[in-house]
Amino acid sequence: MSLRVIRDARPGAPDAVVAIGSFDGVHLGHRALLAKVVREAAGRGLAPAVLTFEPLPRELLFPDRAPPRLSTLSAKLHAFAEAGIAIAYVCRFDRAFAALAPEAFAARLRQLHGARRVLVGHDFRFGARRAGDVAYLAAEGARLGFEVETLPTVADGEDRVSSTRVREALAAGDLGLAARLLGRPYAVCGRVVHGAKLGRSLGFPTANVALPPGRPVMTGVFAVRCGGAATRGLEGVASLGYKPVVACDGPATLEAFLFDFSGDLYGRRLSIEFLKKLRDEAKYASLDELVAQIRLDCDAARAYFRETGT
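What this report covers is the structure whose coordinates are included nearby. All figures in this text were calculated on a predicted structure; none of them were measured in a lab.

Rules used in this analysis
Residues numbered from 1 in each chain as written. Predicted model: local features only at pLDDT ≥ 70, side-chain atom pairs only at ≥ 80, totals over all residues. Heavy atoms only, no water. Helix = DSSP H or I, 4+ residues; strand = E, 2+ residues; numbered from the N terminus. Rg over C-alpha atoms; globule rule 2.2 N^0.38 Å. Buried < 20%, exposed > 50% of the residue type's maximum accessible area, 1.4 Å probe, protein only. Contact = heavy atoms within 4.5 Å. Areas by Shrake-Rupley, 256 points an atom, 1.4 Å probe, with all protein chains shown as cover. Lys, Arg positive; Asp, Glu negative; His and termini not counted. Charge placed at Lys NZ, Arg CZ, Asp CG, Glu CD. Pairing = 2+ DSSP bridges. Axes fitted to C-alpha atoms, helices over the stretch in contact; angles between N-to-C directions. Salt bridge = Lys/Arg side-chain N within 4 Å of Asp/Glu carboxyl O. Arc of directions from axis to C-beta. Polar contact = N/O pair within 3.5 Å; in protein donor to acceptor, adjacent residues only side chain to side chain. Core = buried A, V, L, I, M, F, W, Y, C linked by side-chain atoms within 4.5 Å.

Let us look at the overall build of the chain. When you go through the chain residue by residue, the secondary structure sums to 10 helices and 14 strands. Relative to a compact globule of 310 residues, whose C-alpha radius of gyration would be 19 Å, the chain shows 22 Å and is just as compact. Looking at the chain as a whole, 47% of its 310 residues are labelled buried. Considering only residue pairs separated by 6 or more positions, the chain has 72% of its internal contacts joining residues 24 or more positions apart. Total accessible area on the chain is roughly 15200 Å²; 52% of this is exposed by carbon and sulfur atoms. Of the side chains in the chain, 42 bear a positive and 33 a negative charge, and the two mean positions are spaced by 5 Å.

Read once around its circumference, the closed barrel built from six strands follows the order 9-10-13-12-11-14, with strand pairing classed as antiparallel. Shown here is a sheet whose adjacent strand axes are inclined to one another by a mean of 45°, direction ignored. Bridge analysis of strand 9 (residues 186-193) against strand 10 (residues 207-209) gives two bridges, and the strand direction is antiparallel. Of the residues in strand 10, the one forming a bridge with Val 193 is Asn 208. Helix 8 (residues 175-182) contacts strand 9, strand 11 (220-227) and strand 14 (269-279) of the sheet and is inclined by roughly 135° relative to strand 14.

The full count for this structure, using the stated rule, is 19 salt bridges. A salt bridge links Asp 24 to Arg 167; its shortest N-O distance comes to 2.7 Å. You can see Asp 24 sitting in the loop between strand 2 (16-20) and helix 1 (28-44) and its partner Arg 167 sitting in helix 7 (residues 163-171), a full 143 residues away along the chain. As far as the burial class goes, Asp 24 and Arg 167 line up, both buried. Residue Glu 149 is joined to Arg 117 by a salt bridge in which the shortest nitrogen-to-oxygen separation is 2.3 Å. Highlighted residues: Glu 149 in strand 6 (residues 147-151) and Arg 117 in strand 5 (residues 115-121), separated in sequence by 32 residues. For Glu 149, a relative accessible area of 22% corresponds to the partly exposed category. Arg 117 sits in the buried class, given a relative accessible area of 10%. One network of salt bridges, in which partners are shared, links Lys 36, Glu 40, Arg 44, Arg 117, Glu 147 and Glu 149.

Our focus in this paragraph is unusual backbone geometry. Omega for the peptide link from Glu 54 to Pro 55 comes to -5°, which places this bond in the cis form. Within the fold, Pro 55 resides in the loop between strand 3 (47-54) and helix 2 (57-61). Despite not being glycine, Arg 129 shows a phi value in the positive range, around 55°. Accessibility expressed as a relative area gives 80% for Arg 129, which makes it exposed. The residue Arg 130 is not glycine, and still its phi comes out positive at about 50°.

Here we come to helix 6 (residues 134-144). When helix 6 is considered as a whole, its buried residues turn out to be Val 134, Leu 137, Glu 140 and Gly 141. Buried residues of helix 6, viewed axially, fall in a sector of 125°; they line one side. In helix 6, those exposed residues whose orientation departs by more than 90 degrees from the buried face are Ala 135, Ala 142 and Arg 143. Elements that come into contact with the buried residues of helix 6 comprise helix 5 (102-111), strand 5 and strand 6. N-capping of helix 6 is provided by Asp 133, with a side-chain oxygen placed 3.3 Å from the backbone N of Ala 135. Looking at the residues trailing helix 6, positive phi occurs at Gly 145, about 110°.

Moving on, we get to the pairing of strand 12 (residues 234-241). Where burial is concerned, most of strand 12 is hidden: six out of the eight residues are buried. Both strand 11 and strand 12 contribute to a ladder of seven bridges, which runs antiparallel. By the bridge assignment for strand 12, Arg 225 is matched with Glu 235. Direction of pairing for strand 12 relative to strand 13 (residues 253-258): antiparallel, over a ladder of six bridges. The partner of Val 237 across the bridge, within strand 13, is Phe 257.

The next point concerns the nonpolar core. Grouped together as the largest cluster of nonpolar side chains are 30 residues, with contacts concentrated most on Ile 20, Leu 51, Leu 109, Val 118 and Leu 137. For this core, the secondary structure elements donating two or more residues are strand 2, strand 3, strand 4 (87-92), helix 4 (95-98), helix 5, strand 5 and helix 6. Considering every element that reaches this core, the biggest residue donor is strand 3, with four residues. The contact partners of Leu 51, leaving out residues within four places of it in the chain, are Val 18, Ala 19, Ile 20, Gly 21, Phe 23, Tyr 89, Cys 91, Phe 105, Leu 109 and His 113. In this structure, Ala 169, Leu 170, Leu 181 and Leu 265 belong to the second largest nonpolar core, which totals 29 residues.

Summarising the element assignment, Thr 206 is placed in the loop between helix 9 (198-201) and strand 10. On the basis of relative accessibility, which here comes to 26%, the residue Thr 206 falls in the partly exposed class.

Given below as structure tokens:
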């Protein structure tokens, strides 16, 4: 089943089971919700659908406090398709939408998104000033013609699985915990673009992967595995941060040196899976120091892959 992406919802949508949320990272809790949507839709003869937002609400309402994203919109849509979702409603979250009264938001669910059953987290809030809660939505749903259900929290040990916990694990360099919460290694996907080509001149040609705007959720040097183009399964070392190869300022960059690969990747899309943090970013007094450190990083990454067999 292919995913239909609808950005400008209009009346006439098919009746659906609709999950609502930001779905940042599409972690195990999100995946449990998506799986339930697909099951219930199949059992009721409805379309399995998701309603998500772009930009994320916190990015509009609290731009100075919004956390870094775990996933781009395209990565989320790919995860929805993999889960079996048929329709993804991508709602533009702007000031006008943020000002909607809770009753107007509930009405849109039935009129524009075909909601017959709505699945949300237990702490779901909506409408202007977050005035609407799950109890209010259920009451409006009874009037408008849809049911509302909250899903129990998905836990990892004693703690709930959440996007916040994933961010904290990544920022702390605990990629194993992040992978457990996500159900897969943390990855960044993007297109290979031209860089300064310093790595090539030093004997370590890197693929420079374009990053979305905003700050990355973590920085450092990592053992990675690459997918996409002609690189599927190749191992290597990647640096993620603010021009980490030399002491200069600039936007965040992702530069990956892939072992045993030579070729032209410009314009191709790659997925970089982060498997182990090797060290923090550092600045170097000379290119000779930098080259020596890159060799050490490559040795550490190769040792990791030998030891783990991953």
